[in-house]
Number of protein chains: 2
Amino acid sequence: MKVVVDIFGGDNSPDALVKGSLDAMTEIKNLEIVMVGDSDKIKAELDKYKHDDKRIEIFDAKDVITNDDVPTMAIKTKKESSLVKALELLDSRDDTCGLVSAGSTGAVLTGGIFKVKRLDGINRPALAPVLPTKTGGNVCLIDCGANVDCRPEFLTQFAVMGSCYMKAVYGIENPRVGLVSVGVEDKKGNELTKEVFKVLKEMPINFVGNMEARDALSGNYDVLVCDGFVGNVLLKTAEGTAGMVMSMMKKAIMSSASAKFGALFMKKAFKKLKYDMDYNTRGGAPFLGVRKIIVKAHGGSNDVAVKAAVMQTVKMAENNLVDNIRRELNALQNNE
Amino acid sequence: MKVVVDIFGGDNSPDALVKGSLDAMTEIKNLEIVMVGDSDKIKAELDKYKHDDKRIEIFDAKDVITNDDVPTMAIKTKKESSLVKALELLDSRDDTCGLVSAGSTGAVLTGGIFKVKRLDGINRPALAPVLPTKTGGNVCLIDCGANVDCRPEFLTQFAVMGSCYMKAVYGIENPRVGLVSVGVEDKKGNELTKEVFKVLKEMPINFVGNMEARDALSGNYDVLVCDGFVGNVLLKTAEGTAGMVMSMMKKAIMSSASAKFGALFMKKAFKKLKYDMDYNTRGGAPFLGVRKIIVKAHGGSNDVAVKAAVMQTVKMAENNLVDNIRRELNALQNNE
């Protein structure tokens, strides 16, 4: 099992990327890593930790793509960047099973499509992060920003890919797929979702109907399907609101002496809450619909997040996610 | 100042509607209420409280529109319903300044358009609830579900109406208008928002650019403009996430004895937090763009929410909201 890691993407590169990769290797004994980026800096970072040289390959790439670069331009012109090199490696070498990058989302998505290519039958690959639910479970939100303008067939393909992903990585046998809408009734929705609803109802997936955004994190759904604009709004509203409630709580506590005293006894409870809500423990968002596994880790990922993203990549590979998506899509198309 | 109240809409009718109306009358000395609905039941409810008969008019209407009714059908056929009667009263009598209903959202919106009519120059009236922000302020989200498929000119009109509303009711001199998008950069967005962005930039409002949904409740915006599908997803995701965080916190507290002990000292702080986040204290969502003031209160409104909605209606009337919207729209159209 060999995973390519773009060591020079994200706010905490190279340290969090190197450390996270090594920690994943400690966890998974047959894991090897190809580290792509400035080799001198990678070596200097590696020297800080005990590690097994035989399981690490360093691939030199001196340039870096940043969030200020225009994605399509950067992928075309920054040929020596760690991301472009990493993508080319992933595409050309059969011994690699996937790629992790915490770099510019736009560049990872554009690069994924240009360098690794779409799967046959997929119109648009999609970004599919997983969020925590009220019941302690997980829900996959697809698409989350890769495609802001969608046709109905894009969303029906998202439904298939999201289902395959939740099966492969979370072991959910028959993922419940909901369509993000403005109410649960069958007739609710806009022009796009009404078209999608009709098709999803006939597809061999576990489509449970329209979902009202209030229930996104209820635990009643395993996959939420929407266009990338709506998915992005949903994801970021959830993040922003969680942050706001926490900060309002902090303010309420700090404004009262007895509450401050009480909070001393709740440190562990608060810590657990923070952990449950922390994206760092959840790895990254897979970019589904391309010919190999690509996981986009959060730009602010620390070593814990990088480790989780690498382990998630291995899990997707072990469970043949790409082949499963290919097969289910073929079955669907032969069915039509 | 005379406000029409649909006493038989919402989960808590007639009691919360009657009590809330009376409480608003206690607060505002020159307020009169026209209560619409089953007159016997209204009288029985009124008898429970000290009240001034001279300031209350009862208008009999025996039928009720429920959430199970199809809105357009119900408005056409349930001519004796409290909502239809209330809307007709509002439209026909010059001495009434606005209407409050906690009934079916679809019926209130449809009825508003059919019975009270759109303002000249408005393509689509919009629902514009106000949410609490992190900094203790308020932000108006327009549209929030009345129009799930929008053309660019609908959104630019929403921007004008939202601005007028935040000026009139919250006294904000130069409301900061943000366009809900997938990033703050000027070029981010989907086909619709990119068109809208260009127009908003040229308009005589305080347009501050694209907004990422993570910042919806940041306090950096006074008005958020979006189509009704996106607005509905944003609003309900915020509600759902706030609920989830609170319930996760409760669980974390209950799972630890010391945290439970600590929580005893935080009751007041939690209560304040709950109050700040409670929609009942915020009144209802105005339906902007029709010829008179209509406020849709939450279906689950209690007497506190009804009181707030009635007082909000009075404030909108006192500040000539409808005339202001009319004037600003005219100025805009003469400018083109």
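Placed above this text is the structure.
To start, this report covers the structure provided alongside it. (Residues numbered from 1 in each chain as written. Chains lettered and ligands numbered in written order. Predicted model: local features only at pLDDT ≥ 70, side-chain atom pairs only at ≥ 80, totals over all residues. Heavy atoms only, no water.)

1. A look at helix H8 (residues 228-254) of chain A
In an α-helix, one full turn covers 3.6 residues, which means residues spaced three or four apart are oriented alike.
Residues and elements named next belong to chain A.
Working step 1: Between its first and last C-alpha atoms H8 spans 39 Å; for 27 residues at 1.5 Å apiece the expected length is 39 Å, and the two agree.
Working step 2: Across the 27 residues that make up H8, a large majority, 20, are buried.
Working step 3: Capping the start of H8, Asp227 holds a side-chain oxygen 2.8 Å from the backbone nitrogen of Phe229, two or three residues further along. (Helix = DSSP H or I, 4+ residues; strand = E, 2+ residues; numbered from the N terminus. Expected span 1.5 Å × (residues − 1). Buried < 20%, exposed > 50% of the residue type's maximum accessible area, 1.4 Å probe, protein only. Polar contact = N/O pair within 3.5 Å; in protein donor to acceptor, adjacent residues only side chain to side chain.)

2. As for a nonpolar patch on the surface
Working step 1: Together, A:Phe261, A:Leu264, B:Phe261 and B:Leu264 give the surface a local cluster of nonpolar side chains, amounting to about 390 Å² of exposed area.
Working step 2: Sorting the residues of the nonpolar patch by element identifies helix H9 (257-264) of chain A together with helix H9 (257-264) of chain B as the ones contributing at least two each.
Working step 3: Within the secondary structure, B:Leu264 is located in helix H9. (Patch = residues over 30% accessible without salt bridge, like charges linked within 9 Å, V, L, I, M, F, W, Y side chains within 5 Å. Areas by Shrake-Rupley, 256 points an atom, 1.4 Å probe, with all protein chains shown as cover. Salt bridge = Lys/Arg side-chain N within 4 Å of Asp/Glu carboxyl O.)

3. Quick notes on the relation of the copies chain B and chain A
Working step 1: Screw-axis analysis of chain B against chain A gives a translation of 0.0 Å along the axis, an RMSD of 0.0 Å, and a rotation angle of 180°. Within this description, the copies of the chain are treated as partners about a two-fold rotation axis. Ranked by how close their C-alpha atoms come to the rotation axis, the residues of chain B are headed by B:Gly262, at 1.8 Å.
Working step 2: Both copies share a contact surface, since 100% of the interface residues of chain B are interface residues in chain A too. (Least-squares fit on C-alpha atoms with pLDDT ≥ 70 in both. Contact = heavy atoms within 4.5 Å.)

4. With respect to the pairing of strand E3 (residues 56-60) of chain B
Residues and elements named next belong to chain B.
Working step 1: Pairing of strand E2 (residues 32-37) with E3, which is carried by five bridges, proceeds in the parallel orientation. Each bridged residue has a counterpart across the sheet, and for Val36 the counterpart in E3 is Phe59.
Working step 2: For the segment spanning E2, helix H2 (residues 39-46) and E3, crossover handedness is right-handed. (Pairing = 2+ DSSP bridges. Right-handed = clockwise from strand over helix to strand, strands pointing away.)

5. What about the sheet that holds strand E11 (residues 285-288) of chain B?
Residue and element names in this part refer to chain B.
Working step 1: If you walk across this open sheet you meet the seven strands as E3-E2-E1-E4-E12-E11-E5, and the pairing is mixed. Two strands lie at the open edges of the sheet, namely E3 and strand E5 (126-127), each paired on one side alone.
Working step 2: Packed onto the sheet, helix H4 (residues 82-92) meets strand E1 (2-6), E2, E3, strand E4 (98-101) and strand E12 (293-296) and runs at close to 140° relative to E2. (Axes fitted to C-alpha atoms, helices over the stretch in contact; angles between N-to-C directions.)

6. Side note on H9(B)
Residue and element names in this part refer to chain B.
Working step 1: Listed in full, the buried residues belonging to H9 are Ala259, Gly262 and Ala263. Around the axis of H9, the buried residues are gathered within 100° of arc, so they sit on the same side. Of the exposed residues in H9, those oriented more than 90 degrees away from the buried face are Ala257 and Leu264. (Arc of directions from axis to C-beta.)

7. Topic: the pairing of strand E7 (residues 138-142) of chain A
Residues and elements named next belong to chain A.
Working step 1: Counting buried residues along E7, four of its five residues qualify, which places the element largely inside the surrounding structure.
Working step 2: Where strand E6 (residues 130-132) lies against E7, three bridges are found, and the strand directions are antiparallel. Looking across to E7, one finds that Pro132 is bridged to Asn138.
Working step 3: The turn joining E6 and E7, which pair antiparallel and follow one another in sequence, is formed by five residues; a positive phi near 85° is taken by Gly136.
Working step 4: As defined by bridge partners, E7 adjoins strand E10 (residues 223-225) across three bridges and the pair is classed as parallel. Following the sheet pairing, Leu141 is matched in E10 by Leu224.

8. Overview of the interface of chain B and chain A
You'll often see interface size given as the accessible area lost when the parts meet.
Working step 1: The interface of chain B with chain A comprises 50 residues on the first partner and 50 residues on the second.
Working step 2: Of the roughly 4,600 Å² buried where chain B meets chain A, counting both sides, 74% is carbon and sulfur surface.
Working step 3: Across the chain B-chain A interface, the total number found is four salt bridges.
Working step 4: Applying the counting rule to chain B against chain A returns eight residue pairs in polar contact (both at pLDDT 80 or more).
Working step 5: For the side of chain B that touches chain A, the secondary-structure elements that each account for two or more residues are strand E8 (177-181), helix H7 (191-202), helix H8 (228-254), H9 and helix H10 (267-277) of chain B.
Working step 6: Per-element accounting of the side of chain B that touches chain A gives the leading share, 22 residues, to H8(B).
Working step 7: Taken together, the residues that form the side of chain B that touches chain A break down as 28 nonpolar, 13 polar and nine charged. (Buried area = accessible area lost by both parts, 1.4 Å probe. Nonpolar A, V, L, I, M, F, W, Y, C, P; charged D, E, K, R; others polar.)

9. Re the environment of B:Ile113
All names here are of chain B.
Working step 1: Relative to the elements of secondary structure, Ile113 occurs in helix H5 (residues 105-116).
Working step 2: Exposure remark for Ile113: the relative accessible area of 33% places this residue in the partly exposed category.
Working step 3: Along the primary structure Ile113 and Phe287 are separated by 174 residues, whereas in three dimensions their C-alpha atoms are 9.8 Å apart.
Working step 4: Discounting chain neighbours no more than four positions away, the residues touching Ile113 are Arg118, Pro125, Phe287 and Val290.

10. Brief notes about the packing of helix H6 (residues 152-170) of chain A against helix H11 (residues 303-318) of chain A
Residues and elements named next belong to chain A.
Working step 1: In contact at an axis separation of 8 Å, H6 and H11 are set at 105° when each is read in the N-to-C sense. On the basis of their axis angle, the class for H6 and H11 is roughly perpendicular. Every residue of H11 that contacts H6 at Tyr165, Ala168 and Val169 is listed here: Gln312, Lys315 and Met316.
Working step 2: In terms of residue class, the contact of H6 with H11 is built from four nonpolar, one polar and one charged. (Parallel < 35°, antiparallel > 145°, perpendicular 65-115°, else oblique.)

11. Some details on the environment of B:Gly209
Working step 1: By secondary structure assignment, the location of B:Gly209 is in strand E9 (residues 207-212).
Working step 2: Residues B:Gly209 and B:Val177, spaced 32 residues apart in sequence, show a C-alpha to C-alpha distance of 7.5 Å.

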